[in-house]
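Okay, here's what each chain looks like letter by letter:
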Amino acid sequence: MTELIDVFRALADPTRLRVVALLREMELAIGELAAVLDQSQPRVSRHVRILVEAKIVERRREGSWVFLRIAESGSIGEIIGQAENWPFSTREALVIAHDARRLAAVREDRAAVAERYFAEHAAEWDAIRSRHVAESEVEAAMLAMMHNRRLGHLLDIGTGTGRMAEIFAPTARRITALDRSPEMLRIARAKLAGQGVPIDLLQGDFLSLPLADASADSIVIHQALHFAHEPDRVIAEAARVLRRGGHLLIVDFAPHEDEALRALAAHARLGFSDAQIRGWFASAGVLLETTQTLEGGDLAVKLWLGRRRSDEDQNPVSEGGQSKRLAA
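Residues numbered from 1 in each chain as written. Predicted model: local features only at pLDDT ≥ 70, side-chain atom pairs only at ≥ 80, totals over all residues. Heavy atoms only, no water.

This brings us to the overall build of the protein. Broken down by element type, the protein carries 12 helices and 11 strands. Taken over 328 residues, the protein has a buried fraction of 50%. Residue pairs in contact within the protein that sit at least 24 positions apart in sequence constitute 67% of those at least 6 positions apart. Put simply, the protein shows about 15900 Å² of open surface, and 50% of that area lies on carbon and sulfur atoms. (Helix = DSSP H or I, 4+ residues; strand = E, 2+ residues; numbered from the N terminus. Buried < 20%, exposed > 50% of the residue type's maximum accessible area, 1.4 Å probe, protein only. Contact = heavy atoms within 4.5 Å. Areas by Shrake-Rupley, 256 points an atom, 1.4 Å probe, with all protein chains shown as cover.)

What follows deals with the pairing of strand β8 (residues 242–253). Burial runs high along β8: 11 of the 12 residues are buried. Sheet topology note: the strand β7 (residues 216–222)/β8 ladder contains six bridges and is parallel. Looking at β8, one finds that Val-220 is bridged to Leu-249. Once you follow β7 into helix α10 (residues 231–241) and on to β8, the crossover reads as right-handed. (Pairing = 2+ DSSP bridges. Right-handed = clockwise from strand over helix to strand, strands pointing away.)

Moving on: the environment of Glu-92. Tracing the chain through its elements places Glu-92 in helix α6 (residues 90–129). Residue classification places Glu-92 among the partly exposed residues on the basis of a relative accessible area of 35%. As a C-alpha pair, Glu-92 and Arg-18 span 74 residues in sequence and 9.0 Å in three-dimensional space.

Here we take up the nonpolar core. Among the nonpolar cores identified, the biggest contains 32 residues, and Met-142, Phe-168, Ile-175, Leu-249 and Leu-303 are the most heavily contacted of them. Counting only elements with at least two residues in this core, the list comes to α7 (135–145), α8 (163–168), β5 (174–179), α9 (182–192), β6 (199–203), β8 and β10 (301–308). Contacts of Ile-175, omitting those with residues within four sequence positions, involve His-153, Leu-154, Ala-165, Phe-168, Ala-169, Val-197, Pro-198, Ile-199 and Asp-200. Formed by 29 residues, the second largest nonpolar core is a distinct cluster that contains Ile-219, Ile-250, Val-286 and Trp-304. (Core = buried A, V, L, I, M, F, W, Y, C linked by side-chain atoms within 4.5 Å.)

The following block contains the structure:
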């Protein structure tokens, strides 16, 4: 009962009710909340602290930014989930509607930041993309490979601009999109606004994932493994958070000798062979089910799909596995 009393006390303030209404729409930083509410950041911070102490709101740090969201767990999440049915007065409803219009400006600002970033980095990204098969073909191959597999809670490691979360959103129950770059996460947040599936954006390192054991149903690592100096550890850490029977899809380059990518794009590894991936999968308790090669240009793109071993799996990983080579 004490917890319930704390919740109602925390909500017994017009500004905090406005904060809750805004955070039900999207995650926001303190500065963004202050802009929408037209209040000072210290004042908004005090209101947020009360909501956090009542466990209504959660904080999440990304670099120097702190983002806020409504807590999802337990009875509190159920109470807040009924907010649209709360008996707001006519004046209060008008204030909340006004806040919603100002919130649209925050979305526009985020989109503008993303567009500037894309414009500044377009040349270097285009230089790499021109070296391999079109991204549309890679994405089509990924969707086909994961077709009819239960995505459930999908973890996108190295989400970058959030494109993988975007293409898998229609078939996933929930998505966690992780990147170590706060700037990339802000871009992904703008891109992924309005998706029909819950998407959590987390800052973290692929060597130390901020998830519990066996908490993900499926994992995608798209063009991120080549940044790892110890890719075997990345795969082992992914396997740790993958449930038994869950699928791990890695998309990266086949072995190549383009040393320029080390300087141009900070690639630590120049592609991977099937034997390397198979061995790292096996060490992490993942069965390599199928591979695919997409040729076109100087760099071949590889897809490796593995499944976390379950109690029913008795045999060691085979040397086979379906393999295709597609000419661009």
